[in-house]
Amino acid sequence: MARSPSSIRGLRLLALLLVLGTTGSRAYGADRPTPPMATARPESLVAHGQVRLDEYYWLRQRDDPEVLAYLAAENAYADSVMAPTAALQETLYQEIAGRIGQADTSAPYRLGDYRYYHRLAAGAEYPVYCRRRIDPPGDEEVLLDVNLLAAEQEYCEVGEVQVSSGQDVLAYAVDGQGRRQYTVHFRDLRTGRILPDRLTGVTDNLVWAEDDRTLFYTRQDSVTLRWDRVYRHRLGTDPAEDPLVYREPDSTYECSVEKTRSRRYLLIASWQTLATEYRFLEADRPEGEFRVIEPRRRGHEYYVDHGSGFFYLRTNDQATNFRLMRAPVATPSRPHWEEVIPSRDEVLLEDHLLFRGFLVVQERRQGLVRLRVRDLGNGEEHYLGFEEPAYLVYPVDNREFDAPSLRYAYTSLTTPRSVYDYDLDRRTRVLVKQDEVLGGFDPAAYRTERLWATAADGAQVPISLVYRVDRFRRDGRNPLLLYGYGAYGISSEPVFRAERLSLLDRGFAYAVAHVRGGQELGRPWYEAGRQTRKRNTFTDFIACAEYLAGAGYADRERLFARGGSAGGLLVGAAVTMRPELFRGVVAEVPFVDVVTTMLDEEIPLTTAEYDEWGNPHEREAYDYILSYSPYDNLRPGPYPDLLITAGLHDSQVQYWEPAKWAARLRARQTGNGRILLKTRMEAGHDGVSGRYRQYREAAYQYAFLLTAAARP
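The structure displayed is predicted, hence computed values, not measured ones.

Each value, and the rule that gives it
Residues numbered from 1 in each chain as written. Predicted model: local features only at pLDDT ≥ 70, side-chain atom pairs only at ≥ 80, totals over all residues. Heavy atoms only, no water. Disulfide = S-S within 2.5 Å. Axes fitted to C-alpha atoms, helices over the stretch in contact; angles between N-to-C directions. Helix = DSSP H or I, 4+ residues; strand = E, 2+ residues; numbered from the N terminus. Parallel < 35°, antiparallel > 145°, perpendicular 65-115°, else oblique. Left-handed = near helix turned anticlockwise from the far one by under 90°. Contact = heavy atoms within 4.5 Å. Nonpolar A, V, L, I, M, F, W, Y, C, P; charged D, E, K, R; others polar. Core = buried A, V, L, I, M, F, W, Y, C linked by side-chain atoms within 4.5 Å. Buried < 20%, exposed > 50% of the residue type's maximum accessible area, 1.4 Å probe, protein only. Expected span 1.5 Å × (residues − 1). Polar contact = N/O pair within 3.5 Å; in protein donor to acceptor, adjacent residues only side chain to side chain. Pairing = 2+ DSSP bridges. Patch = residues over 30% accessible without salt bridge, like charges linked within 9 Å, V, L, I, M, F, W, Y side chains within 5 Å. Areas by Shrake-Rupley, 256 points an atom, 1.4 Å probe, with all protein chains shown as cover. Salt bridge = Lys/Arg side-chain N within 4 Å of Asp/Glu carboxyl O. pLDDT = per-residue confidence, 0-100. Phe/Tyr/Trp six-rings, centres within 6.5 Å; stacked < 30°, edge-to-face > 60°.

Asks: Tell me about the state of the cysteines, and please be specific about residues and values.
Replies: The bond known as a disulfide is covalent and runs between the sulfur atoms of two cysteines. Taken as a whole and judged by the stated rule, the model has 0 disulfides. Free of any disulfide, C156 has its nearest neighbouring cysteine sulfur in C130, separated by 16 Å.

Asks: Summarise the packing of helix α2 (residues 65-82) against helix α13 (residues 691-710); cite the residues concerned and give the values.
Replies: Where α2 meets α13, the closest approach of the two axes is 11 Å, and the angle between their N-to-C directions is 60°. The angle between α2 and α13 places the two elements in the oblique class. Once α2 is placed against α13, the crossing between them reads as left-handed. Taken together, the residues of α13 that come into contact with α2 (itself represented by A78, D79 and M82) are Y700, A703 and F704. Of the residues assigned to the contact of α2 with α13, the class counts are 5 nonpolar, no polar and 1 charged.

Asks: If you had to explain the nonpolar core to someone new, which residues and values would you point to?
Replies: L480, L482, F541, L548, F582 and W661 are the most contacted members of the largest nonpolar core, which has 78 residues in total. The greatest single-element share of this core, amounting to 7 residues, is contributed by helix α8 (residues 566-577). If sequence neighbours within four positions are ignored, W661 has contacts with G572, A587, P590, V592, P630, Y631, L634, L642 and I644.

Asks: So what about α2? Which residues, and what values?
Replies: Quick reminder: α-helices carry 3.6 residues per turn. Residues three or four places apart thus point the same way. With 18 residues, α2 should cover 26 Å at 1.5 Å per step; its first-to-last C-alpha distance of 25 Å lies within 8% of that length. Most of α2 sits inside the fold, with 14 of its 18 residues counted as buried. Residue D64 occupies the N-cap position of α2, its side-chain oxygen lying 2.9 Å from the main-chain nitrogen of E66.

Asks: Mind laying out the environment of G309, listing which residues take part and the relevant values?
Replies: Topologically, G309 is positioned in the loop between β19 (302-307) and β20 (310-315). The spatial distance from the C-alpha of G309 to the C-alpha of R326 is 9.7 Å, given a sequence separation of 17 residues.

Asks: Before we move on, can you summarise the sheet that holds strand β37 (residues 641-647) with the specific residues and values?
Replies: Strand order in the open sheet made by the 8 strands is β31-β32-β34-β33-β35-β36-β37-β38, with mixed pairing throughout. Lying at the two open borders of the sheet, with one neighbouring strand each, are β31 (446-454) and β38 (675-680). Across this sheet, the average inter-strand angle for adjacent strands is 20°, counted without regard to direction. As judged from the 5 bridges shared by strand β36 (residues 584-588) and β37, these two strands associate in the parallel manner. In the sheet register, G584 faces β37, and the bridge partner there is D641. Strand contacts of α8: β35 (559-564) and β36, with the helix running at about 145° to β35, the strand carrying the most contacts.

Asks: Could you give an account of a nonpolar patch on the surface, with specific residues and numbers?
Replies: A grouping of V46, V51 and L53 is seen on the molecular surface, where their side chains present a nonpolar patch of about 300 Å² in accessible area. Relative to the helices and strands, L53 resides in strand β2 (residues 50-54).

Asks: Outline the packing of helix α7 (residues 535-550) against α8, listing residues and values.
Replies: For the pair α7 and α8, interaxial distance at closest approach is 9 Å and the crossing angle is 70°. Considered as vectors, α7 and α8 are oriented roughly perpendicular to each other. For the element pair α7 and α8, the recorded crossing hand is right-handed. When α7 is examined against α8, the residues R535, T537, F538, T539, F541 and I542 are found in contact with a partner set consisting of L569, L570, V571, A573, A574 and M577. Residues that form the contact of α7 with α8 fall into these classes: 9 nonpolar, 2 polar and 1 charged.

Asks: Run through the confidence of the model for the chain, naming residues and quoting values.
Replies: Of the residues in the chain, 95% have a pLDDT of 70 or more, and the chain-wide mean is 92. Confidence over residues 1-30 falls short of pLDDT 50; this stretch has 40 contacts with residues more than four positions distant or in other chains.

Asks: Describe the side chain of S256, naming the residues involved and giving the relevant values.
Replies: Positionally, S256 belongs in strand β15 (residues 254-259). A polar contact is formed between the side chain of S256 and the side chain of W271, at a distance of 3.1 Å.

Asks: Tell me what's going on with the packing of aromatic side chains, and back it up with residues and numbers.
Replies: To describe a pair of aromatic rings, you give the distance between the ring centres and the angle between the ring planes. Within this structure, the stated rule accounts for 28 aromatic pairs. On the numbers, 6.1 Å between centres and 80° between planes, the contact of F186 with W208 is edge-to-face. Here F186, found in strand β10 (residues 182-188), pairs with W208, found in strand β11 (residues 194-208); they are 22 residues apart in sequence, far enough to count as distant. We note that F186, like W208, is buried. Ring centres of Y303 and F322 lie 6.4 Å apart, and the angle between their planes is 45°; on these two criteria the pair is classed as tilted. Of this pair, Y303 sits in strand β19 while F322 sits in the loop between β20 and β21 (323-328), and the two are 19 residues apart along the sequence. In this structure Y303 comes out as partly exposed when scored by relative accessible area, which is 25%. Each residue in the set F386, Y391, Y408, Y410 and Y420 is aromatic and connected to the rest through ring pairs, giving one cluster.

Asks: Describe the pattern of salt bridges, with residues and values.
Replies: Working definition: two side chains of opposite charge can pair if their charged atoms are close together. For the coordinates displayed, the defined rule picks out 66 salt bridges. In this structure, R131 and E141 form a salt bridge, with 3.1 Å as the shortest nitrogen-oxygen distance. Taken together, the residues R131 in strand β6 (residues 128-133) and E141 in strand β7 (residues 141-145) connect sequence positions 10 residues apart. The exposure class assigned to R131 is buried, which follows from its relative accessible area of 2%. By relative accessible area, E141 is classed as partly exposed at 26%. In this structure, the salt-bridge partner of R364 is E493, at a minimum N-O distance of 2.6 Å. Pair noted here: R364 is in strand β24 (residues 358-365) and E493 is in the loop between β33 (480-483) and α5 (501-504), with a separation of 129 residues, a long-range link. Sharing partners across several salt bridges, the network here consists of E294, R297, D317, R323, R334 and E339.

What follows is the structure in structure tokens.
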């Protein structure tokens, strides 16, 4: 669509702002703001001989003043609707901030001669990265104060923070916009000086070689933002002359660089939804040539680490739920693989972690994670057991290959994140740190349950549920917030969030629907929720909602849904299919315009995700995606209250998807549900940066839910 000349656009912007200034406040009375209505300009989109009319296609023009004015008007309307909740928002904010320790220090981990950690000062938005020498004991060294970086910008995210192999240079990646495009800086830790080397417009995928001078990093395609090139930078040289190490030629793949836990090898991984390929190079020979471990083939995923003279490979070759193999470094290809742990139908082998003398395997059975420890010397095995009905456990900060202990984190819907050191030989554990929850928090006041809903096709779908015991009765009178995601094989975990207590303490129950498309029940659970079986994800979520209401866990008139990104697609599809089921929905950066996005190969993520959603350039996939795409399936009718969020600089879900969806929802709404669109003009996919700003965001969303629950 052609744009108007700048002078005309300026007049149009002024006129629009004047109109919004007079009609966007109180047209239906003192308590009823009038929503802005986006102009309908139908655009014909043709595929497979079929024409779709998109009346809000023009909202894709990110820099058009009229688009920006419309987004600003939507923000003003949302804030106007939410203005009566200002006192409630402030109360919620004070509760959330008051519950979380404002001055905090992470559990230090050992790396070489130092213990590394980060700390938060009271009142500070961002962390300070620090370290202390172990022997002899030293004073605190400040490596990076993110608050100083963020002082002059609205948005600041620090990605990877990596110390060189000699521990005297820090590389850190900074994103000042939210589009996940970073600038990498280097700091000499001996002098504190910022080095002149600077890598711009890169990802935050950074790995040091073992020569203390060479950093490998990944660049993106400038249009699609696909991670497609690996470069090598040597300190003191001109970054413009950095040699290209690897270019990924297949547009359906991305690539990244990493290092084995033994620190012996650098790895370049090429990956897509259903296949991977690895290359390796000795980490102390950074200018050498990478060699392929096992050539790529469709449908084969494998993941590599190194220890005790072998490559260990987690693979789905002849193993639906993966198995663990090992291969000699000299001959690492598949004919030389030897089985270490076989595949099992009922257990998903999720990950593996190597220590000198021990192997730790992360497994998932019936949706719950277990840690399996094997002594590589004598072959003895044991499991770490956990008792709660729903929880998450995972290894964390295991930086030392020679460490005698495993560090892991444990959390549940009622247990704050707790970090333990587990002695692999003695089989004893020590609590290193548990996140502090202030304000008199008592875990015994809350209860977790594990439930199962029956899906439309008879599948049993797990649900994790939490509520406050003295605020909850299983009599169908409690409001309930149901969360879901269901994509990419990512499992939705039942983890603790201190801010959630503000809902539970007001009588809400909270539930996680572990729908197909995730991987909670093994790889088949994921396969049953992608491509031409994607609708299972949505019908599973609906089945969970109906079960919770029918079994008395939720008030049918006060049932709420929440999801973000691909989870925004989930709740968007559920609302389209069953709008009467939900009282309100929070859809964060929702992926709702699926057909149009997946037809556009210049949008980030598109080509690399054909195996997730299908390639709509093929008629069968086009028809199937069209059957559920929330934007394409909106019909005139009553819809519930919706709070929809977007980020102007979002590189994962472009801002115009939620903006178009909100506009079409409002145009086709025949009921009393409020449609609110909140676009963060300074942020991207992950929302605002800074912890206090994030507390404000949570308070805003909770005020939306609580007032919707109270509204007739």
